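Here are the chains, one letter per residue:
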Amino acid sequence: MLFHPFEIAISGFSGTGKTTLAAAIVNRLSKRFTVGYYKHGCHRFDIDREGKDSHTLKQAGAGTVMISDPEKKAVIAGTGNRQVSERMVFLDCDLLLVEGLKEMPLPKLLMVDRERKILDLLAAGIIPQPVALVLTGPETEPPLNSCNLPVFHRDDIDTITAFIESFLAAKVSETPLSGLILAGGRSRRMGTDKALLSYHGKNQILHTAALLKEHCREVFLSCRSDQEATYASFGLPVITDRYLETGPAGGLLSAQHHHPQDAWLAVACDMPFLNGALLGELLENRMPLRFATAFRHAGSGKFEPLSACYEPKSRTALLAGHAEGNHSLQALLEGRRIGEITLSDSRAISNINDPESMQKALREFRPSCGENRP
């Protein structure tokens, strides 16, 4: 990854129609995705003019200048200014289209000039990670069968766009999906460990793990270090909190620290009504190019952060929040671009937090599960 987890470049010599092709592709992709665009130019450019306030302040010595109006904003900074990170700028985009940078290590569509001089650089190993070739000459020109790469013509916009979508979908399929049971709470209102309560003939750790194993390559248990010895006996890999007193966000960040390339289906341990069908619905509607996918409660309008799927790039946003003292998963879901599913019946993801709620739930389960006891 150079700038974004889901990036692809259009590269080639000047005059091959890179910008025209990029604009046509963005026009199509933007109907379904939020698309970022990065233009690399070999020549100097100006987005400010002498006499304007921002230009005056930049010339006066300001290292970074931001100018904004009600519709847009721009940042003016030198290339040596590390305060401006391309990765942070494009983080909210679903995907990134890059123009140029043919010699940089990122996947690219390579525009083949009419003289095919770009192929000499490709043969010399100067251009890394080409994923397809785009012809720019007459449609009657002979194909490039010797390159072992898909070949398109510049005017076939729909086919090129479909290829980009399939390429990104393949990248998504490479992302492992792990399950995470969040069990690090102190259960103060319940008065006993909620994770060890039994509603289904086995405790909530084992019950929730069984649900997650239907969908995830591996299931982990998140807890405090003082719980590790007790929880280790349940046969699940344990991840203890690295981020102390930060609630569920600390558990998720700890898991992301150990497996930063994974997506995480994170579930609280105190949801006895949760079922496999609901988790299946969540994953069926998963939007992996966004930060997360979560249910939105129809009544309150709020997202449910403790039964949600968090993508790898959510870690960057969570760490930024952590640095500012904001440890709320709800804030992440509300403030970032996520996939959302309206949940008409919130009962399946109800948290059972106190003895009265526990007894009521036990009475509901008892007819089918026998005498379940905490």
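**Things to note about the overall build of the protein**
- When helices and strands are counted, the protein shows 12 helices and 15 strands.
- Principal-axis analysis of the C-alpha atoms gives the protein an extent of 80 × 55 × 40 Å.
- Expressed as a percentage of contacts within the protein between residues at least 6 apart in sequence, the contacts between residues at least 24 apart total 67%.
- Across the protein, the 42 positively charged side chains and the 43 negatively charged ones have centroids separated by 2 Å.

**Comments concerning the nonpolar core**
- Counting 56 residues, the largest nonpolar core has Leu180, Ile181, Leu212, Leu265, Leu274 and Tyr310 as the members making the most contacts within it.
- For this core, the element with the most residues is strand β12 (residues 263–268), which contributes six residues.
- If we skip the residues at most four places from it in the chain, Leu180 touches Leu212, Phe220, Ser222, Gly251, Leu252, Ala255, Trp264, Leu265, Ala266 and Val267.
- Ranked by size, the runner-up nonpolar core spans 26 residues in total, among them Val35, Leu95, Leu97 and Val172.

**Comments concerning helix α5 (residues 157–173)**
- With 17 residues, α5 extends 24 Å from end C-alpha to end C-alpha; this agrees with the ideal 24 Å at 1.5 Å per step.
- Turning to α5, the residues buried within the fold contact β1 (7–11), α1 (18–29), β5 (95–99), β6 (108–112), β7 (130–135) and β8 (151–153).

**Let's talk about the layout of surface pockets**
- Approximately 700 Å³ is the volume found for the second largest pocket.
- In terms of lining residues, the second largest pocket is bounded by 30 residues, among which Gly184, Gly185, Arg186, Gly247 and Pro248 are the most central.
- Within the lining of the second largest pocket, the residues separate by chemical class into 11 nonpolar, 10 polar and nine charged.

**Focus on the packing of aromatic side chains**
- Inspection of every chain in the model, using the stated rule, returns seven aromatic pairs.
- Relative to Phe90, the ring of Tyr38 has its centre 6.3 Å away and its plane inclined at 65°; by these criteria the two rings are edge-to-face. On the criterion of sequence distance, the pair formed by Tyr38 in strand β2 (residues 35–39) and Phe90 in the loop between α3 (86–89) and β5 is long-range, its members being 52 residues apart. Summarising the burial analysis for this pair, Tyr38 and Phe90 share the class buried.
- One aromatic cluster is present, formed by Phe3, Tyr38 and Phe90 through successive ring pairs.
- The positively charged end of Lys313 is found above the aromatic ring belonging to Phe291, 4.5 Å away from the centroid.

**Here's the deal with the state of the cysteines**
- As enumerated under the stated definition, the model contains zero disulfides in all.
- Cysteine Cys216 is unpaired, with the sulfur of Cys309 as its nearest cysteine sulfur at 7.9 Å.
- Cysteine Cys223 is unpaired, with the sulfur of Cys269 as its nearest cysteine sulfur at 10 Å.
- A relative accessible area of 0% means that Cys223 is categorised as buried.

**Quick notes on helix α9 (residues 276–284)**
- For α9, the complete set of buried residues consists of Gly276, Leu278, Leu279, Leu282 and Leu283. Down the axis of α9, the buried set is contained in an arc of 160°. They therefore lie on one face. Across α9 from its buried face, at more than 90 degrees, point the exposed residues Ala277 and Glu284.
- Taken together, the buried residues of α9 touch β9 (177–182), α6 (204–213), β12, β13 (292–297), β14 (303–310) and β15 (339–343).
- Two to three positions downstream of the cap, the backbone nitrogen of Ala277 sits 3.1 Å from a side-chain oxygen, assigning the N-cap of α9 to Asn275.

Reading the values: rules and limits
Residues numbered from 1 in each chain as written. Predicted model: local features only at pLDDT ≥ 70, side-chain atom pairs only at ≥ 80, totals over all residues. Heavy atoms only, no water. Helix = DSSP H or I, 4+ residues; strand = E, 2+ residues; numbered from the N terminus. Contact = heavy atoms within 4.5 Å. Lys, Arg positive; Asp, Glu negative; His and termini not counted. Charge placed at Lys NZ, Arg CZ, Asp CG, Glu CD. Core = buried A, V, L, I, M, F, W, Y, C linked by side-chain atoms within 4.5 Å. Buried < 20%, exposed > 50% of the residue type's maximum accessible area, 1.4 Å probe, protein only. Expected span 1.5 Å × (residues − 1). 1 Å grid on protein atoms, 1.4 Å probe; cavity = no way out; pocket = protein on both sides within 12 Å on 5 of 7 lines; lining within 4 Å. Points joined across faces, edges and corners; volume = space filled by probe spheres on them. Nonpolar A, V, L, I, M, F, W, Y, C, P; charged D, E, K, R; others polar. Phe/Tyr/Trp six-rings, centres within 6.5 Å; stacked < 30°, edge-to-face > 60°. Lys NZ or Arg CZ within 6 Å of the ring centre and 35° of its normal. Disulfide = S-S within 2.5 Å. Arc of directions from axis to C-beta. Polar contact = N/O pair within 3.5 Å; in protein donor to acceptor, adjacent residues only side chain to side chain.

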